[in-house]
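# An overview of the molecular structure
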Amino acid sequence: MSDPLRLLVITQSPGDARMIREVLREAGLPSEVVWRSRSRDALDALQGEPFDLLLLDPDPEVVAQASERAPGTPIVLLVSRDDMETAVRALGRGADDHLVREDITPELLVCTVRHALTLKRMKTALERMGGMWREIVGNLHEGVMVADREGTTLFASARMAEILGYAAEEMLKAPFLSFVDPEDAPRAEALLGTAGRAEAEFRLRRFDGERVGVRLIVFPVTCGTAVGVMDIRERPAEEEIRRRNVQLSIINQVVRTATSSADMDELLTGVLGKTVNLLGFGGGSVYLIDSGRSRAELAAEIGLPEGFSFRQRIADMNAPPYDTVLGQGVPHFVEDYPRRYPQDAGAGIQAFASIPITAEGRVIGAVNLVSREMHTFSPAERELLTSIGQEIGSAVERMRLRKRLEKAHEEANFYLDVMTHDINNANTTAIGYAALLSEALSGPEKDLARRISAAVRQSAEIIGNVSTIRRIAEEAPVPGPVSLDGVIGHVSCLFADADIRYAPQGLWVAADDLLSAVFINLLGNAVKFGGPQVVIQITAREEDGTVTVSVEDTGPGIPDAEKPLIFEKFRKSGARSGKGIGLYIVHTLVERYGGRVWVEDRVPGRPREGAAFRFTLPACPPVTDRIG
């Protein structure tokens with residue numbers, strides 16, 4: 001089992017840290033969450049302790065300092081919907097991703113954590129590749145230049161400066177055509193304007209005036225045009241020059257294809273094609289190990305000849321080379337293929353490589369590559385192929401995780417639909433029988449029947465809350481005009497035995513049909529905890545386009561220490577019973593409509609004399625006043 005993830009949570013809200021711990025525990029992801037409320041303490045912790053990921057409030061300065069203290073650690077912001085502007089600034093200071101507090105689910109948190117870790121690994125790999133290719137450019141026998149779209153020199157390698165007799169820095173910002181013999185300048189200018197890859201022979205003029213015959217190989221890059229310059233007085237093998245320039249032009253495309261494909265077939269075929277083109281191979285294949293790890297199946301293939309020994313649909317994991325590639329994760333390179341595998345003499349294969357595809361320390365498949373020409377696998381090329389295998393593995397695992405999550409979501413919804421339907425039917429029947437018993441009985445038996453009815457209604461309330469949470473998660477809000485009087489009147493009828501007082505105000509608010517869940521939970525809590533003698537007073541007033549609603553009760557009230565926490569998920573006040581999601585739903589829905597909710601004492605300073613829940617909603621003109 002892998003070590004648990006170490007997460008450092010930097011936020012002033014202890015509720016955020018608890019929520020992150022609970023969500024990770026619910027998701028089954030082994031983790032250790034360290035919370036620091038002060039940024040100074042958190043930054044000190046970064047110097048003394050290793051962490052896999054940072055979760056913090058969107059403070060751009062803290063993000064910048066954390067990125068500097070722990071440059072290899074992913075940073076994910078914890079933001080609220082109303083604080084996205086600050087989050088954007090923090091993302092520009094070094095953060096890698098963000099999570100909206102109100103939208104966090106176990107699946108989303110796990111996906112974001114894994115995505116941030118993978119993204120940071122990709123950045124590190126790309127930086128390593130960039131350094132590797134800068135080293136390669138510096139040691140190439142041919143010169144390399146880069147010009148912008150106006151033809152100004154942006155980069156010149158040491159070999160390029162040597163060919164022309166300049167210092168490399170002297171060539172920067174000079175027009176590229178100033179290094180071309182005047183007679184060849186028009187052709188060179190036309191070559192620079194070519195949309196794709198092109199090459200031709202020209203004469204360049206050295207610093208001392210001498211003409212130098214060269215072959216120019218040009219291809220477009222993001223900032224302009226890259227130019228490979230081969231001194232044809234020495235003329236090395238042209239095929240090797242072409243291969244190296246192709247590597248320079250498409251080096252990053254393998255990683256981009258591996259991380260951006262939405263479909264497994266597209267991913268594997270695209271990555272294989274890019275790898276074949278990148279390194280000039282003649283073909284290849286991809287094998288993936290099945291979930292039982294009993295066999296490896298062919299998943300993608302390009303350009304392999306008929307009768308080739310390593311073209312089977314099922315790879316033998318116990319036979320060479322797969323016993324080491326798939327079994328031990330060791331790459332296999334063959335540069336004298338006809339001698340090593342004489343049975344494939346007619347296939348025309350000269351070189352072969354089999355690279356393990358790895359993810360999270362496990363081998364999950366292999367990439368096979370073949371060359372029909374003599375090919376030597378340099379140390380740099382072997383390292384590059386190993387990195388490509390790791391990037392493919394990360395992309396495959398992300399794709400598999402996405403599919404598993406989608407399937408789990410579909411199954412959960414199916415079971416939830418079945419349970420909700422059947423339990424609601426059973427509850428309706430039970431409530432009906434309990435009502436009949438209550439009418440037919442008297443004394444203690446009548447009270448028992450009422451308790452049965454209350455218990456069944458609590459079950460119905462739980463089912464209703466579950467359905468509401470599902471809708472909140474799956475449906476985007478589409479607020480429209482809703483009559484506040486109509487909603488309060490309908491919900492009050494559900495509590496016919498309670499003393500609920502409300503004077504209709506004729507107010508309309510921007511909400512949807514889930515607004516009734518706000519009143520069901522507030523009134524249900526007041527009735528449940530206030531007892532049969534509780535009095536509930538509902539008032540509403542409109543001011544400056546906002547409607548403020550108050551639901552006050554004469555129940556036991558809420559202690560001051562619990563008021564700031566009462567709307568958290570699974571939070572219960574004192575010894576109260578229940579699942580602790582009703583007020584969380586109230587908070588979520590009110591914010592979904594663009595309002596806010598809070599709790600006060602019904603009588604200021606006297607928490608034991610009842611609670612007053614207040615919330616705001618956007619006002620909306622009555623539907624009868626609307627035109628069209």
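Model, not experiment: these values are computed from the prediction.

Turning to the overall build of the protein, a few remarks are in order. Each helix and strand counted, the protein has 18 helices and 23 strands in total. Classification of the 628 residues of the protein by burial places 45% in the buried group. Taking contacts inside the protein between residues at least 6 apart in sequence as the whole, the part at least 24 apart equals 57%. Carbon and sulfur atoms provide 52% of the accessible area of the protein, an area that totals close to 31,700 Å².

All right, on to the nonpolar core then. Core analysis: the biggest nonpolar cluster contains 42 residues, and Leu484, Leu515, Phe519, Val549 and Phe615 have the highest contact counts within it. The set of elements that each furnish at least two residues to this core consists of α16 (484–493), β19 (508–511), α17 (515–530), β20 (535–543), β21 (546–553), α18 (582–592), β22 (597–601) and β23 (611–618). For this core, the element with the most residues is α17, which contributes seven residues. Core analysis: the second largest hydrophobic core is formed by 34 residues, Val286, Leu369, Leu384 and Leu385 among them.

To continue, consider helix α1 (residues 14–27). Spanning 14 residues, α1 covers 20 Å between terminal C-alpha atoms, matching the ideal 20 Å at 1.5 Å per step. Of all the residues in α1, the buried ones are Gly15, Asp16, Ala17, Met19, Ile20, Val23 and Leu24. Positive backbone phi, approximately 75°, marks glycine 28, located one or two places after α1.

Let us look at the packing of aromatic side chains. Using the criterion set out here, one finds 15 aromatic pairs in the structure. Here the aromatic rings of tyrosine 166 and phenylalanine 207 are separated by 5.3 Å at their centres, their planes lie at 75°, and the arrangement is edge-to-face. Taken together, the residues span a long stretch of sequence, with tyrosine 166 in the loop between α6 (158–164) and α7 (168–171) and phenylalanine 207 in the loop between β8 (198–205) and β9 (211–221) at a distance of 41 residues. Assessed through its relative accessible area of 23%, tyrosine 166 is described here as partly exposed. Consider the rings of phenylalanine 310 and tyrosine 322, whose centres lie 6.1 Å apart with planes at 85°: the pair is edge-to-face. With phenylalanine 310 in the loop between β12 (296–302) and β13 (314–315) and tyrosine 322 in helix α12 (residues 322–328), the pair connects residues that are 12 residues apart, well separated along the chain. What makes phenylalanine 310 buried here is its relative accessible area of 5%. Tyrosine 322 sits in the buried class, given a relative accessible area of 3%.

All right, on to the pairing of strand β11 (residues 283–289) then. For β11, the buried fraction is high: seven of the seven residues fall into the buried class. Here β11 shows a buried face lined by Gly283, Ser285, Tyr287 and Ile289 and a second buried face lined by Gly284, Val286 and Leu288. The pairing of β11 with strand β16 (residues 362–371) spans six bridges and is antiparallel. In the strand pairing of β16, valine 286 is matched with valine 367. Linkage of β11 to β12, two consecutive antiparallel strands, is achieved through a turn of six residues, within which arginine 293 is found at a positive phi near 55°.

Let us now look at the sheet that holds β12. Judged by pairing direction, the sheet is antiparallel, and its six strands sit side by side in the order β13-β12-β11-β16-β15-β14 without closing on themselves. Looking at which strands have only one partner, the edges of the open sheet turn out to be β13 and β14 (332–334). Lying over the sheet, helix α11 (residues 264–279) contacts β11, β12 and β16, oriented at roughly 55° with respect to β12.

This part is about the pairing of strand β5 (residues 97–100). The sheet contact formed by strand β4 (residues 75–79) and β5 spans four bridges and is parallel. Of the residues in β5, the one forming a bridge with valine 79 is valine 100. Remark: the β4/helix α4 (residues 84–91)/β5 crossover connection has right-handed handedness.

Assignment of secondary structure puts threonine 73 in the loop between α3 (60–69) and β4. Residue threonine 73 is classed as buried on the basis of its relative accessible area, which comes to 12%.

Okay, unusual backbone geometry next. Along the chain, proline 320 connects to proline 321 via a cis peptide bond; the corresponding omega equals 0°. Inspection of the secondary structure assignment puts proline 321 in the loop between β13 and α12. Here the phi dihedral of glutamate 360 falls at roughly 50°; this positive angle occurs in a residue that is not glycine. Relative to the helices and strands, glutamate 360 resides in the loop between β15 (351–359) and β16. A residue is classified by how much of its surface remains accessible, and glutamate 360, at 65% relative accessible area, is exposed. Residue aspartate 544 is not a glycine yet carries a positive backbone phi of 55°.

A word on the sheet that holds strand β3 (residues 53–56). Strand order in this open sheet of five strands is β2-β1-β3-β4-β5, and the pairing throughout is parallel. Lying at the two open borders of the sheet, with one neighbouring strand each, are β2 (31–36) and β5. Strand after strand, the sheet turns through a mean of 25° between neighbouring axes, direction not considered. Relative to β2, strand β1 (residues 5–10) is paired through six bridges, and the arrangement is parallel. Across the sheet, the residue bridging to leucine 8 is valine 34, located in β2. Sheet strands in contact with α1 are β1, β2, β3 and β4, and its direction is about 175° off that of β2.

This part takes up the pattern of salt bridges. A full pass over the atoms with the stated rule returns 27 salt bridges. In this structure, the salt-bridge partner of arginine 38 is aspartate 41, at a minimum N-O distance of 3.1 Å. You can call aspartate 41 partly exposed: its relative accessible area is 28%. Put simply, glutamate 543 and arginine 541 hold a salt bridge, and the shortest N to O gap is 3.1 Å.

Turning next to the confidence of the model for the protein. For the protein, the mean per-residue pLDDT works out to 83, and 88% of the residues sit at or above 70. Here residues 574–578 scores under 50 on pLDDT; set against residues more than four positions off or in separate chains, the count is 10 contacts.

What follows concerns the side chain of arginine 614. Tracing the sequence through the fold places arginine 614 in strand β23. In this structure arginine 614 comes out as buried when scored by relative accessible area, which is 15%. In contact with arginine 614, not counting residues within four places along its chain, are Val549, Ser550, Glu552, Arg596, Val597, Trp598, Glu600 and Asp601.

Quick notes on the rules
Residues numbered from 1 in each chain as written. Predicted model: local features only at pLDDT ≥ 70, side-chain atom pairs only at ≥ 80, totals over all residues. Heavy atoms only, no water. Helix = DSSP H or I, 4+ residues; strand = E, 2+ residues; numbered from the N terminus. Buried < 20%, exposed > 50% of the residue type's maximum accessible area, 1.4 Å probe, protein only. Contact = heavy atoms within 4.5 Å. Areas by Shrake-Rupley, 256 points an atom, 1.4 Å probe, with all protein chains shown as cover. Core = buried A, V, L, I, M, F, W, Y, C linked by side-chain atoms within 4.5 Å. Expected span 1.5 Å × (residues − 1). Phe/Tyr/Trp six-rings, centres within 6.5 Å; stacked < 30°, edge-to-face > 60°. Pairing = 2+ DSSP bridges. Axes fitted to C-alpha atoms, helices over the stretch in contact; angles between N-to-C directions. Right-handed = clockwise from strand over helix to strand, strands pointing away. Salt bridge = Lys/Arg side-chain N within 4 Å of Asp/Glu carboxyl O. pLDDT = per-residue confidence, 0-100.

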